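# Fold and geometry: a report
Take a look at the letters that make up each chain.
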Amino acid sequence: MLESILSTNAANSITLEGLLLCTLSSLVLGVGVAYIYMYRNVYNKNFVVTLVLLPAMVQMVIMLVNGNIGTGVAVMGAFSLVRFRSVPGSAQEISSIFLAMAVGLATGMGYLGIALLFLIIIGAMTVLLSSTGFGEQQKTEKELKVTIPENLDYSGIFDDLLQKYTKSAELIKVRTTNMGSLYELQYHIVLADQFKEKEFLDEIRCRNGNLNISCGRVPTSKVEL
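Description of the structure in this document. (Residues numbered from 1 in each chain as written. Predicted model: local features only at pLDDT ≥ 70, side-chain atom pairs only at ≥ 80, totals over all residues. Heavy atoms only, no water.)

### Quick notes on the sheet that holds strand β1 (residues 142–149)
Selection rule: Any two strands are treated as partners once DSSP identifies two or more bridges connecting them. Secondary structure follows DSSP: runs of H or I at least 4 residues long count as helices, runs of E at least 2 residues long count as strands, and numbering of each begins at the N terminus. Whenever a helix is involved, its axis is fitted only over the stretch in contact; in every case the axis is a line through C-alpha atoms, and angles between N-to-C directions fall within 0 to 180 degrees.
If you trace the four strands from one edge of the open sheet to the other, you get β2-β3-β1-β4, paired in antiparallel fashion. The sheet is open, and its two borders are formed by β2 (166–177) and β4 (213–217), each paired with just one other strand. Averaged over all pairs of adjacent strands, the angle between strand axes in this sheet comes to 20°, irrespective of strand direction. The sheet contact formed by β2 and strand β3 (residues 182–191) spans ten bridges and is antiparallel. Within β3, the residue paired with Thr177 across the bridge is Leu182.

### Description of the environment of Val127
Looking at where Val127 falls in the secondary structure, it is placed in helix α5 (residues 112–131). On a C-alpha basis, the gap between Val127 and Arg40 in space is 8.7 Å, while along the polypeptide they are 87 residues apart.

### Some thoughts on α5
Short version of the rule: Helix span, expected: 1.5 Å multiplied by one less than the number of residues in the helix. Buried, partly exposed and exposed residues are distinguished by accessible area as a fraction of the type maximum, computed with a 1.4 Å probe on protein chains only: under 20%, between the cut-offs, and over 50%, respectively. Regarding the arc, it is the one traced by the directions from the helix axis to the C-beta atoms. When checking whether two residues touch, look at their non-hydrogen atoms; a contact exists if any pair is within 4.5 Å.
Taking 1.5 Å as the rise per residue, α5 with 20 residues should run 28 Å; its terminal C-alpha atoms sit 28 Å apart, in good agreement. Burial in α5 covers these residues: Leu112, Gly113, Ala115, Leu119 and Gly123. Looking straight down α5, one finds its buried side chains confined to an arc of 160°; they lie on one side. On its buried side, α5 packs onto α1 (16–38) and α4 (91–108).

### Describing the packing of α4 against α5
We count it as follows: Geometric relationships in this document are graded by angle, where less than 35 degrees denotes roughly parallel, more than 145 denotes roughly antiparallel, 65 to 115 denotes roughly perpendicular, and other angles denote oblique. Here is the rule for handedness: rotate from the far helix to the near one, and if that takes an anticlockwise turn smaller than a right angle the crossing is left-handed, while a clockwise turn gives right-handed. Each residue receives one of three labels: charged for Asp, Glu, Lys and Arg, nonpolar for Ala, Val, Leu, Ile, Met, Phe, Trp, Tyr, Cys and Pro, and polar for the others, Gly being one of them.
Packing of α4 against α5 leaves a shortest axis separation of 7 Å and a crossing angle of 160°. Relative to α5, the element α4 is oriented roughly antiparallel. For the pair α4 and α5, the crossing hand works out as right-handed. Within the contact between the two elements, α4 uses Leu99, Ala102, Val103, Ala106 and Thr107 and α5 uses Leu112, Ala115, Phe118, Leu119 and Ile122. Here the contact of α4 with α5 is composed, by residue class, of nine nonpolar, one polar and no charged.

Structure below.
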């Protein structure tokens with residue numbers, strides 16, 4: 001099962017039966033890679049189709065350069081050029097691409113059983129980690145934006161309230177608004193009690209003259225490698 005179906009052939013020989021079997025296996029396993037990526041993830045069709053086709057493409061390249069050092073070096077140079085024409089991807093997209101390439105490498109060398117077994121193991125682990133709380137932050141951080149008049153000194157103005165209602169608080173940014181007549185303070189906070197958020201905001205309103213206040217999730221940037 002773990003032996004190569006191409007092991008009995010000559011180094012530079014490719015049979016029609018071997019080519020078709022490897023290509024079909026690559027496409028089927030590519031569909032598996034795509035389904036693993038789509039599990040509990042936001043995706044677009046173009047990237048999913050690419051994941052389906054990528055193992056077959058890598059498999060074909062590996063079969064063609066098998067035993068030919070010069071061709072292998074040329075292909076490596078061509079692949080390195082593709083890197084500089086691609087946009088940065090998320091961590092999950094990069095890992096899915098590597099999974100598809102690993103499957104393509106295995107099928108290109110005729111190790112269909114190894115490719116299938118590897119996909120099952122990685123797929124099962126991906127689904128398990130995505131379904132559990134592994135790697136998730138235990139605390140819920142929020143972004144608090146408070147507008148105050150320019151005549152108020154923002155240094156420590158809300159320190160007592162932050163100490164009373166939050167577990168942690170950090171002043172991230174201060175900027176002027178409304179032609180410089182107002183200050184906007186931006187904090188990252190972790191509330192000590194989620195049910196006292198309104199009480200917390202009401203006390204801030206009494207202190208900032210009932211100007212604008214917003215409290216919500218911290219904007220999450222796309223995780224890139």
